[in-house]
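# Coordinates in review
What follows is each chain in one-letter form.
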Amino acid sequence: MQFGPYIMTALLAAPVIGIVALASYRLRALSMSGAIGAVVTGLIVFVIGGISASVALFAFFIFGSLLSKLPWPGGRKKSIGGSERDWKQVLANGGVPCAALLLLFARPDLREEASMLYLGAIATMFADTSATEIGTRFGKRAINILTFKPIEPGTSGGVSAIGFAASLAAPALITLLHYLTRGLGELCEFQGAHWVMPLVLGGFIGALTDSVLGASIQAKYRCGVCGKVVESHRHCGKEAVLISGVPWIGNNAVNAIASLIGALVSLGLLYRFG
Ligand SMILES: [Zn+2]
């Protein structure tokens, strides 16, 4: 295997990726550990996947960060947790896409499969981020996806009508960007209309999975000080009590599992209907 061209590409891309990561750190979209994780992820994506793969990841990252900075209607401000992403969040978001590209690197004969897994994972995360950021701000009513009971917008496991719309629009944008950048890099080219449904529906179902996991196995705690149900085991400076879910399954684990499922659903839909 020839590593020379890969090393050259990495050396050329590193300064650009470094500048984007540094700017994201300065703009508080990433913590320091998140910025380092983003450089590693960016290098893997650009060196193995090329421009087409990078555009999809970049769009998810930029639009996701912009959506998290959207103003809150009525001036109310709710925190969904710090908006700075740390390395754990970068790994939860970038793990499956990077694994798909490593598959592409190791098995160039599986190019179409690896490309669909990569794009399906990104479509899922973008769908989930968009649904959360938009649904929390503009959702009139949110319900628990499993019990259908009303739930505070922004709580894991909650879904809303506008959130559903966002989680269809986001994968559609990823699909459009892949169409516009087809052939630029190592990802399999956009192959016509039969790639649209697997990506859009795969991303949508992946985001839906995220909500189902958020409503079921994700750890939820009750803060003994303020009485709120929270997703972190510490709140108001005190240990909170586990009231449901699995203690070691937090938001990052749910995101990683959902992106894997979204990727596999996209691939399955391509096999079945492509
Ligand atoms: Zn509290």
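This section reports on the structure supplied with the text. (Residues numbered from 1 in each chain as written. Predicted model: local features only at pLDDT ≥ 70, side-chain atom pairs only at ≥ 80, totals over all residues. Heavy atoms only, no water.)

Attention shifts here to the overall build of the chain. Tallying secondary structure elements over the chain gives seven helices and eight strands in all. For the chain, whose C-alpha radius of gyration is 19 Å, the value lies close to the compact-globule estimate of 19 Å for 274 residues. By its C-alpha atoms, the chain is 60 × 40 × 35 Å across when sized along the principal axes. Out of the 274 residues belonging to the chain, those deemed buried represent 45%. For the chain, the share of sequence-separated contacts (at least 6 apart) that also reach a separation of at least 24 residues comes to 72%. (Helix = DSSP H or I, 4+ residues; strand = E, 2+ residues; numbered from the N terminus. Rg over C-alpha atoms; globule rule 2.2 N^0.38 Å. Buried < 20%, exposed > 50% of the residue type's maximum accessible area, 1.4 Å probe, protein only. Contact = heavy atoms within 4.5 Å.)

Core analysis: the biggest nonpolar cluster contains 30 residues, and Val 45, Leu 101, Tyr 118, Leu 119, Ile 122, Leu 187 and Trp 195 have the highest contact counts within it. Counting residues per element, the ones that place at least two in this core are α2 (32-68), α3 (87-106), α4 (111-138), α5 (161-180) and α7 (251-273). Considering each element in turn, this core owes the most residues, nine residues, to α4. Residues contacting Trp 195, with those up to four places away along its chain left out, are Glu 112, Ser 115, Met 116, Leu 119, Thr 175, His 178, Cys 188, Glu 189, Phe 190 and Leu 270. If you look at the next biggest cluster of nonpolar residues, it comprises seven residues, including Leu 30, Ala 35, Ala 38 and Phe 61. (Core = buried A, V, L, I, M, F, W, Y, C linked by side-chain atoms within 4.5 Å.)

Where α5 meets helix α6 (residues 196-215), the closest approach of the two axes is 8 Å, and the angle between their N-to-C directions is 140°. Taken together, the axis directions place α5 and α6 in an arrangement best described as oblique. Along this stretch, α5 crosses α6, giving a crossing that reads as right-handed. Contacts between α5 and α6 involve Phe 164, Ser 167, Leu 168, Pro 171, Ala 172 and Thr 175 on the former and, on the latter, Val 196, Leu 199, Val 200, Gly 203, Phe 204, Ala 207 and Leu 208. Classifying every residue of the contact of α5 with α6 gives ten nonpolar, three polar and no charged. (Axes fitted to C-alpha atoms, helices over the stretch in contact; angles between N-to-C directions. Parallel < 35°, antiparallel > 145°, perpendicular 65-115°, else oblique. Left-handed = near helix turned anticlockwise from the far one by under 90°. Nonpolar A, V, L, I, M, F, W, Y, C, P; charged D, E, K, R; others polar.)

Every protein donor of the zinc ion is accounted for by Cys 223 (SG), Cys 226 (SG), His 235 (ND1) and Cys 236 (SG), and the metal-donor separations fall at 2.0 to 2.3 Å. For the zinc ion, the four donor atoms are set out with angles of 104 to 115° between them, so the coordination reads as tetrahedral. Taking the relative accessible area as the measure of exposure, Cys 236 reaches 44% and is therefore partly exposed. (Donors = N, O, S within 2.8 Å, 3.2 Å for Na, K, Ca; no water. Tetrahedral: all angles 85-135°; square planar, octahedral: opposite > 155°, others 65-115°.)

Attention shifts here to the pattern of salt bridges. Counted by the stated rule, this structure contains three salt bridges. A salt bridge links Glu 133 to Arg 137, with the shortest nitrogen-to-oxygen separation between them at 2.9 Å. Highlighted residues: Glu 133 and Arg 137, both in helix α4, separated by four residues, approximately one helical turn. (Salt bridge = Lys/Arg side-chain N within 4 Å of Asp/Glu carboxyl O.)

One can describe the packing of α2 onto α4 by two numbers: an axis separation of 9 Å at closest approach and a directional angle of 5°. Comparing the axis directions of α2 and α4 gives the class roughly parallel. Side by side, α2 and α4 meet where Val 45, Ala 53, Ser 54, Ala 56, Leu 57, Phe 60, Phe 63, Gly 64, Leu 67 and Ser 68 of the first sit next to Tyr 118, Leu 119, Ile 122, Met 125, Phe 126, Thr 129, Ser 130, Glu 133, Ile 134 and Arg 137 of the second. Class assignment of the residues belonging to the contact of α2 with α4 gives a composition of 13 nonpolar, five polar and two charged.

Don't take any of this as a statement about function, it's just geometry.
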